Amino acid sequence: MTPEETFDLIVIGSGPGGQKAADQAAKSGLKVAIIERERAVGGTCVHLGTIPSKTLREAALTIATLKRNADVFDFKLKDDMEVSTLMKRLDSVLQSYTSFISSHIGSSGGKVFLGRASFVDQNTVLVTTVKGKRIVLGAKNVIVASGSRPRTPPDIPVDHEHILDSDSILSMIYLPRSLTVIGAGVIASEYASIFSLLGVKVTMIDRTPRPLMFMEPELTAKFLDNFTRNGGKYIGNVKAKSVEWNGLQVRTVLDNGEELLSDKMLVAQGRLANVEALNLEAMDVERGRNGVIAVDENYQSSVPSIYAVGDVIGPPSLASVSMEQGRRAVRHILGKEASDAIDLVPIGIYSVPELSSVGLSEEQARERCGDNIIIGRANFEEVARGQIAGIQDGMLKMIADEKGEKILGVHIVAEGATDLVHVGEMAILNGNHVDTFLENILNFPTLGEAYRIAAIDIANKRAKRLSRKRQPRIQKLIDEAELN
Ligand SMILES: Cc1cc2nc3c(=O)[nH]c(=O)nc-3n(C[C@H](O)[C@H](O)[C@H](O)COP(=O)(O)OP(=O)(O)OC[C@H]3O[C@@H](n4cnc5c(N)ncnc54)[C@H](O)[C@@H]3O)c2cc1C
Ligand SMILES: NC(=O)c1ccc[n+]([C@@H]2O[C@H](COP(=O)([O-])OP(=O)(O)OC[C@H]3O[C@@H](n4cnc5c(N)ncnc54)[C@H](O)[C@@H]3O)[C@@H](O)[C@H]2O)c1
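Predicted, not measured: the structure shown is a model, and the values here were computed from it.

## Overview of the overall build of the protein chain
- For the protein chain, the helix and strand inventory stands at 14 helices and 22 strands.
- Dimensions of the protein chain, computed from C-alpha atoms along their principal axes, come out at roughly 95 × 60 × 45 Å.
- By residue count, 43% of the 484 residues in the protein chain fall in the buried class.
- The contacts of the protein chain with a sequence gap of at least 6 include a subset with a gap of at least 24, amounting to 67%.

## What about the site of ligand 1?
- The environment of ligand 1 is formed by 38 residues, the closest being Gly 13, Gly 15, Gly 43, Gly 147 and Gly 310.
- Contributing elements (two or more residues each) for the shell around ligand 1: α1 (16-27), β2 (32-36), α2 (43-47), α3 (50-68), β4 (116-121) and α9 (319-333).
- When the residues that make up the shell around ligand 1 are grouped by side-chain class, the tally is 14 nonpolar, 19 polar and five charged.

## Focus: the site of ligand 2
- Gly 183, Gly 185, Ile 187, Gln 269 and Ser 317 are the nearest of the 22 residues found near ligand 2.
- Contributions of two or more residues to the shell around ligand 2 are made by α7 (186-197) and β18 (347-349).
- The greatest single-element share of the shell around ligand 2, amounting to four residues, is contributed by α7.
- The class makeup of the residues in the shell around ligand 2 is 10 nonpolar, seven polar and five charged.

## Let's talk about the nonpolar core
- Judged by nonpolar contacts, the single largest core of 77 residues is most densely connected at Val 181 and Leu 266.
- Broken down by element, this core gets its largest block of residues, eight residues, from α7.
- Discounting residues that sit within four places of it in the chain, Leu 266 has contacts with Leu 164, Ile 169, Leu 179, Val 181, Ala 188 and Tyr 191.
- Counting residues in hydrophobic clusters, the runner-up holds 44 residues, among them Ile 10, Val 32, Ile 143 and Tyr 299.

## Let's talk about the UniProt feature "binding site: NAD(+)" (unreviewed entry) in the protein chain
- The UniProt entry lists Gly 183, Ala 184, Gly 185, Val 186, Ile 187, Ala 188, Ser 189, Glu 190 and Gly 270 under the feature "binding site: NAD(+)" (unreviewed entry), expressed in the numbering used here. In summary, the annotated positions, though distributed over 88 residues, converge in three dimensions, the widest C-alpha pair being only 13.6 Å.
- Summarising the element assignment, Gly 185 is placed in the loop between β9 (178-182) and α7.
- Under the C-beta neighbour-count criterion, Gly 185 is labelled partly exposed, with 18 such atoms within 10 Å.
- With sequence-adjacent residues up to four places away left out, Gly 185 is seen in contact with Leu 212, Ala 268 and Gly 270.
- Owing to 24 C-beta atoms within 10 Å, Glu 190 belongs among the buried residues under this scheme.
- In contact with Glu 190, other than residues within four places in its own chain, are Ser 53, Ile 349, Tyr 350 and Ser 351.

Calculation notes
Residues numbered from 1 in each chain as written. Chains lettered and ligands numbered in written order. Predicted model: local features only at pLDDT ≥ 70, side-chain atom pairs only at ≥ 80, totals over all residues. Helix = DSSP H or I, 4+ residues; strand = E, 2+ residues; numbered from the N terminus. Buried ≥ 20, exposed ≤ 12 C-beta atoms within 10 Å, placed from the backbone. Contact = placed C-beta atoms within 7 Å. Near = placed C-beta within 6 Å. Nonpolar A, V, L, I, M, F, W, Y, C, P; charged D, E, K, R; others polar. Core = buried A, V, L, I, M, F, W, Y, C linked by C-beta atoms within 7 Å. UniProt positions renumbered as here; feature names shortened; annotations may be inferred.

Right, here's the structure in full:
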């Protein structure tokens, strides 16, 4: 097939990864085409993931605040609350976001094609529009940023009406009275805690003993306390043996024999890379675990003209990381010097309360530096701003090396944790001494004060350890003096 139009770069997918790649390339003077199979640009992040879930979260927090102050505002949530009412702000958020993206891509010289992309050969891509029109495009390089979709386990009959996944959960018309959530990873924990804050009776189950297994146990324990206080229930170490819609409710039988009945179910058991439509097999592009596209440190696949970024290359599957990968792939295409590897990735989980983490976990720090690492903690009840905001389960955990000087990791649970963690990230990146938080001024009252409290905790433990160490030496000196 001869291309109708040729470009320097074709980007497949307009989510965070594709968008940033296209933007960076166009700004650098490349002629860019971006292909998107949906009706609008933006990807999962804008239409089905990050932005919609965080919009619902914001509404839930506002309602919770109003409920807490019901005596002041005379507030009561309607019995048959429509989900769309809670998502009212979403349309305007989406509209401004997608028009910003479209105009940005256009103004930086990119051309958008709406249709499904598949490879013809290593430098040629076929676009099939919804009306069946076929357009053949050519390019020196192609970046695949086709993202991921929810994994539907074969034994769970997801019908998107009663048994939903993260793509369909927000299409529910009414807020259900009860919800079973299968999975206790990021998506499950975010939605489970948001819906329980809205008054829905939520039961979350997972094969793991606790939710969010990759986060610090101390943080997830506080998350669970909050979830339980809001009426949520967590059942760990179980799998669903059968799931069915019985005409009235979703009936779930667990492998421990327990039966759960709920109005709706959310299935959140991981995601799969969108690779099927791309005709990658004909291209001999190497694939990794679960079918993801295998890439090197420059995001180049086994076929040199084909790059891949974002969820389609597998974990960590974050919008933040996908954007950076998109930029880096373009830098490599432009022949620019490779940047350092990305080895410090902050994690931000928008559950209620938020959880956030950067650097080493306690377990990793012990493996790397031994059991003498020093840990400092700050409870937000000790921080004036935390008291003012009524934060109940807030905690900041700072992990330092065995000398109590170098910061190795920061882990936070509290409203605002996803922002607050960046202070720790910068301290780790800049190699700041723990005492930096003692010797400098922080705004008052702020949640950021928790850094100072955790640093004081480390400094005290360090001082105690030093004086303990000194004692045997002093004793030896005394002993020697007595012998003489
Ligand atoms: C509910 C939920 C909440 C999330 N919250 C967060 C969060 O708070 N923070 C965070 O960092 N991450 C979050 N994520 C993850 C984040 O959304 C993804 O990591 C991110 O969207 C991945 O970007 P991407 O560019 O790789 O792919 P996507 O955003 O998935 O975009 C891929 C695009 O490619 C298009 N496409 C696929 N195949 C083709 C084809 N053959 N032809 C043309 N177009 C194609 C798709 O239609 C899609 O628009 C969340 C995800 C979900 C599901
Ligand atoms: N705030 C954020 O950054 C954010 C928000 C949402 C999603 N995401 C991204 O989306 C990706 C996918 O999220 P996810 O929550 O679907 O996947 P996940 O991998 O985080 O969690 C899946 C969960 O399902 C459980 N599970 C799997 N099979 C099971 C079974 N048979 N029975 C019981 N439990 C089972 C797993 O133990 C795990 O806890 C994540 O990698 C994440 O990076 C990020």
